[in-house]
Amino acid sequence: MFIFVILGLLVCTEAQGISAGTPVFVLKGEDLLLNVTKAVVLGKFDDFSWKCNKSNIVRFTFNDKGASPHYTGRIEFPENNFSVKLKNLQEADSGVYTAVVMKDSGDETEAKYSVKVQDRASLPLLTVSSVSESSSSCSFTVTCSSQDSHINSTFTCDTRTCSQEGGERSEGIPDTFLQVYQSSGSIICNHSNHVSWTNDTNTIKDVCHQQDDPEGLSVCLVKTCVFSVGLIIMVSAVITVHLMEKLNKNK
Ligand SMILES: *[C@@H]1O[C@H](CO)[C@@H](O)[C@H](O)[C@H]1NC(C)=O
């Protein structure tokens, strides 16, 4: 009984995987290669079609092929098999693409892709609020927002490092993500989907003024070096002059 339940579950999850198809994300305007990896041989009375949501895109018969009127001019046949290239995809082309062979013995699905066309992620906006600074620490809240969602994160910094709370990657509209993180002294608000990403950043130093400035530190170091070298040269000069005078007297 128990084994049957497990088997049933396995069959179900497998069937689900197949019914959804391999996920494919395409940037709007790009092309999509609908690929057939299996070797397909058509009999005289068989035919092969690529479909989107069950409606025909292109149909191959034993010795001919043709695209449905809606797709003419957007289809290429890159190789001499059943793979086709669909050009200049738009959001409305999202859907389930299947390759189906129709034979006397019944239909067979040869490939299945769940295609989603996405435009580039829009530029997000990073805003800083409730900054509180003391001599040893500084904390502030950032909001990372896109047109349709936003996330918050709080940073607490001492003079060298900051710890972060919140801001984990979160999905707003499906397959689109916002995330806040810190990297080399900056706060980064990242907006991404499966085909692109873009971000808005803010330097921590501009928010927390008491943060150590590594560049400032090195400038200070250079000044110290120049001063020391100058001092050494001067002292050596004085000693050399003294020695010369002594030598001259001894002559
Ligand atoms: C296919 O079906 C999905 C879900 O119903 C729909 O969102 C999509 O626009 C359809 N695609 C086409 C090309 O008709």
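Note: the structure precedes this text.
An account of the accompanying structure is given in this report.

Cut-offs applied
- Residues numbered from 1 in each chain as written.
- Predicted model: local features only at pLDDT ≥ 70, side-chain atom pairs only at ≥ 80, totals over all residues.
- Heavy atoms only, no water.
- Phe/Tyr/Trp six-rings, centres within 6.5 Å; stacked < 30°, edge-to-face > 60°.
- Buried < 20%, exposed > 50% of the residue type's maximum accessible area, 1.4 Å probe, protein only.
- Helix = DSSP H or I, 4+ residues; strand = E, 2+ residues; numbered from the N terminus.
- Near = heavy atom within 4 Å.
- Polar contact = N/O pair within 3.5 Å; in protein donor to acceptor, adjacent residues only side chain to side chain.
- Areas by Shrake-Rupley, 256 points an atom, 1.4 Å probe, with all protein chains shown as cover.
- Disulfide = S-S within 2.5 Å.
- Pairing = 2+ DSSP bridges.
- Axes fitted to C-alpha atoms, helices over the stretch in contact; angles between N-to-C directions.
- Contact = heavy atoms within 4.5 Å.

### Structural notes on the packing of aromatic side chains
Turning to step 1, where the next piece is worked out: Scanning the model with the defined rule gives 7 aromatic pairs in all.
Turning to step 2, where the next piece is worked out: Relative to Trp50, the ring of Phe48 lies with its centre 6.3 Å away and its plane at 70 degrees, an arrangement referred to as edge-to-face.
Turning to step 3, where the next piece is worked out: Under the relative-accessibility criterion, Trp50 is labelled buried at 0%.
Turning to step 4, where the next piece is worked out: A ring pair is formed by Phe48 and Phe60, whose centres lie 5.6 Å apart and whose planes are at 85 degrees; its orientation type is edge-to-face. Note that Phe48 is positioned in strand 3 (residues 47-52) and Phe60 in strand 4 (residues 55-61), a separation of 12 residues in sequence.

### Focus on the site of the ligand
Turning to step 1, where the next piece is worked out: Taken together, Cys52, Asn53, Ala92 and Ser94 form the complete shell of residues around the ligand.
Turning to step 2, where the next piece is worked out: Contacts to the ligand include Asn53, whose side-chain N or O atom sits 2.3 Å from an oxygen atom.
Turning to step 3, where the next piece is worked out: Between Ser94 and the ligand, the recorded distance is 2.8 Å, taken from a backbone N or O atom to a nitrogen atom.
Turning to step 4, where the next piece is worked out: Look at the ligand: alone it shows 360 Å² of surface, and the protein chains cover 38% of it.

### Quick word on the state of the cysteines
Where two cysteines share a covalent bond between their sulfur atoms, that bond is called a disulfide.
Turning to step 1, where the next piece is worked out: Taken as a whole and assessed by the stated rule, the structure comprises 3 disulfides.
Turning to step 2, where the next piece is worked out: The disulfide bridge from Cys138 ends at Cys208, spanning 1.9 Å between sulfur atoms. Between Cys138 and Cys208, the S-S torsion sits near -70 degrees, and that sign places the bridge as left-handed. A residue pair is termed long-range when its members are at least 10 positions apart, and Cys138 in strand 11 (residues 138-145) and Cys208 in the loop between helix 2 (204-207) and helix 3 (214-250) qualify at 70 residues.
Turning to step 3, where the next piece is worked out: Each sulfur in the disulfide pair Cys144 and Cys189 lies 2.2 Å from the other. Judged by the sign of its S-S torsion, about 75 degrees, the cystine formed by Cys144 and Cys189 is right-handed. One end of the pair, Cys144, is in strand 11; the other, Cys189, is in strand 16 (residues 186-193), and 45 residues separate them in sequence.

### Some details on the sheet that holds strand 12 (residues 150-157)
Turning to step 1, where the next piece is worked out: Read from one edge of the open sheet, 4 strands run 10-11-12-13, paired in antiparallel fashion. A single partner strand is all that each edge strand has here, and the edge strands are strand 10 (125-133) and strand 13 (162-166). In this sheet, neighbouring strand axes are inclined to one another by 20 degrees on average, regardless of whether the strands run parallel or antiparallel.
Turning to step 2, where the next piece is worked out: Pairing geometry for strand 11 and strand 12, over 8 bridges, is antiparallel. Within strand 12, the position partnered with Phe140 by the bridge is Phe155.

### Examining the side chain of Ser186
Turning to step 1, where the next piece is worked out: Tracing the sequence through the fold places Ser186 in strand 16.
Turning to step 2, where the next piece is worked out: Since its relative accessible area comes to 16%, Ser186 is described here as buried.
Turning to step 3, where the next piece is worked out: Residues in contact with Ser186, not counting those within four places in the same chain, are Tyr181, Asn202, Thr203 and Ile204.

### Notes on the environment of Thr109
Turning to step 1, where the next piece is worked out: Within the secondary structure, Thr109 is located in strand 9 (residues 106-118).
Turning to step 2, where the next piece is worked out: Relative accessible area serves as the criterion here: at 47%, Thr109 is assigned to the partly exposed category.
Turning to step 3, where the next piece is worked out: Taking the C-alpha atoms as reference, Thr109 lies 9.9 Å from Trp50; in sequence the two are 59 residues apart.

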